[in-house]
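Survey of secondary and tertiary structure
One-letter residues, chain by chain:
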Amino acid sequence: MEPLRRGCRRACTNSCSKARDGRCHDGWLGDETPVGRPDCPLGSDCADCGARQLCGLPGTKLTLPLAVLPNAQTTSLRLSQIIFMVMGSTRYRQRTLRTQRTWCSIDGVRCLFFSDDSPVAGGDSVGHSELDREPFPSVRVRAPRPPRSCCTRRGRSKSFFCEHHRLITLQAQYRFLPALQVVRTSAAFKAGKFRWVVLVDDDSFVFPRRLRWLLSRLDYRKLVYLGDFGSSGEATQMHIPHFACGGGGSILSAAALERMELMDCLRQFRGRCMQSDWMIGGCARRHNVSFLRELGCGTCDPRRIDVKAIYSRLKEDRCFFLQNADAIAKHLPSGAHSPAILHGLGTAEATESFFWKHASHFNRTGSQGHATRIS
């Protein structure tokens, strides 16, 4: 273990209820249990995970592994050093427009909008074009066709991909790795202009300054992957025990994105029936990126949402990424203890209303937004 840093402590107990069962359960390196939020606190399954060096963040109750922290307590981070990738669709163009005129209009925020395109036979090519009919730069991404046999019957039951929403959005799932490749190979990324890459859906909602507050306390030079993590039986069968649920955002440090050979991962996954967040999680795992699961709100599975636990995590600054927000959106705090990314606010009207309710926390500069080009 690294020398003990001032302000940190060595955590090594076996207070976890699942300690000494031969599997690591504390949510950090070595934990392969297929659950979203960790079963146990960091350092509480020492027999199976080993000791952890944990450091508290000044002014918060947050304790994180030393491995994701910079040498200083905080690093200087401008909003312009975070690139927000907004995954849109020509079918739901109004959602992209709403994003463009709300949180993407905050001073300093750099949003790059992605749109779909017709699939191509080759599958690995990525196309760039400005969409003249839209008031912001947009990148069209071509993705491979998914397998044709994803929706199948097994006895009396249908497979996971027969659910209507999953079935009609299956093609779109294969755009996300190529979209990340657009950023990874851009001149701006190669020049070091972006320290963090944040991939969100067009119906996700972001408090950019809240996210900047968190990311300024982490080291973008480390291999870090954040979000509201979950698991599924289908993904676990593909040896992907964890992934950041798409709507709550997938956040990658610059070092992590640089490490990930995205098109190799796409070639590996293209013959399988997969969700986009499974692919990102699987690619990150393949390249030994660290999954920081402590900061999700635990809402990936809507059937297992614990509202009281979410409020407790918010007060302790442990709930930054919220996948299914509709059940608690009316009572969410703003400002100091708000989530950084929310998803599932309900209808377009509910999302618009939420924005204006919290508009004073956004420091908006106008209605035109701040789209960016990265070529």
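Residues numbered from 1 in each chain as written. Predicted model: local features only at pLDDT ≥ 70, side-chain atom pairs only at ≥ 80, totals over all residues. Heavy atoms only, no water.

1. Structural notes on the packing of aromatic side chains
- The final tally for this structure, using the stated rule, is eleven aromatic pairs.
- Summarising the aromatic geometry, the rings of F320 and F321 are spaced 6.4 Å apart at their centres and angled 45 degrees between planes, so their arrangement reads as tilted.
- Grouped by ring-pair contacts, the aromatic residues F160, F161, F243 and W278 constitute a single cluster.
- Of note, R166 hangs over the ring of F160, and the distance from its end group to the ring centre comes to 3.7 Å.
- A cation over an aromatic ring shows up here: R210 above the ring of W213, its NZ or CZ 5.1 Å from the ring centre. (Phe/Tyr/Trp six-rings, centres within 6.5 Å; stacked < 30°, edge-to-face > 60°. Lys NZ or Arg CZ within 6 Å of the ring centre and 35° of its normal.)

2. Regarding the pattern of salt bridges
- All told, the structure shown has 15 salt bridges when counted by the stated rule.
- D39 serves as the salt-bridge partner of K18, at 3.6 Å between the closest nitrogen and oxygen. With K18 in the loop between β1 (8-11) and α1 (46-49) and D39 in the loop between β1 and α1, this residue pair connects regions lying 21 residues apart in the sequence.
- Taking relative accessible area as the criterion, K18 reaches 36% and is therefore assigned partly exposed. (Salt bridge = Lys/Arg side-chain N within 4 Å of Asp/Glu carboxyl O. Helix = DSSP H or I, 4+ residues; strand = E, 2+ residues; numbered from the N terminus. Buried < 20%, exposed > 50% of the residue type's maximum accessible area, 1.4 Å probe, protein only.)

3. Side note on helix α10 (residues 262-269)
- Of all the positions in α10, only L262, M263, C265, L266 and F269 are classed as buried. Burial along α10 is one-sided: seen end-on, the buried residues are contained in an arc of 155 degrees.
- Against α5 (176-184), α9 (254-259) and α11 (276-286) lie the buried residues of α10. (Arc of directions from axis to C-beta. Contact = heavy atoms within 4.5 Å.)

4. Looking at the confidence of the model for the chain
- In this model, the chain carries an average pLDDT of 83, and 85% of its residues clear a pLDDT of 70 or more.
- Every residue in residues 118-135 scores below 50 in pLDDT, and together they form 45 contacts with partners more than four places removed in sequence or on other chains.
- For residues 363-370, every residue scores under 50 in pLDDT, and the model assigns this stretch 25 contacts once sequence neighbours within four places are set aside. (pLDDT = per-residue confidence, 0-100.)

5. Points about the environment of A254
- Mapped onto the fold, A254 is located in helix α9.
- What makes A254 buried here is its relative accessible area of 11%.
- In the structure, A254 is positioned 57 residues away from V197 in sequence and 6.8 Å away in space, judged by C-alpha atoms.
- Excluding anything up to four places from it in sequence, A254 contacts F189, F194, R195 and Y220.

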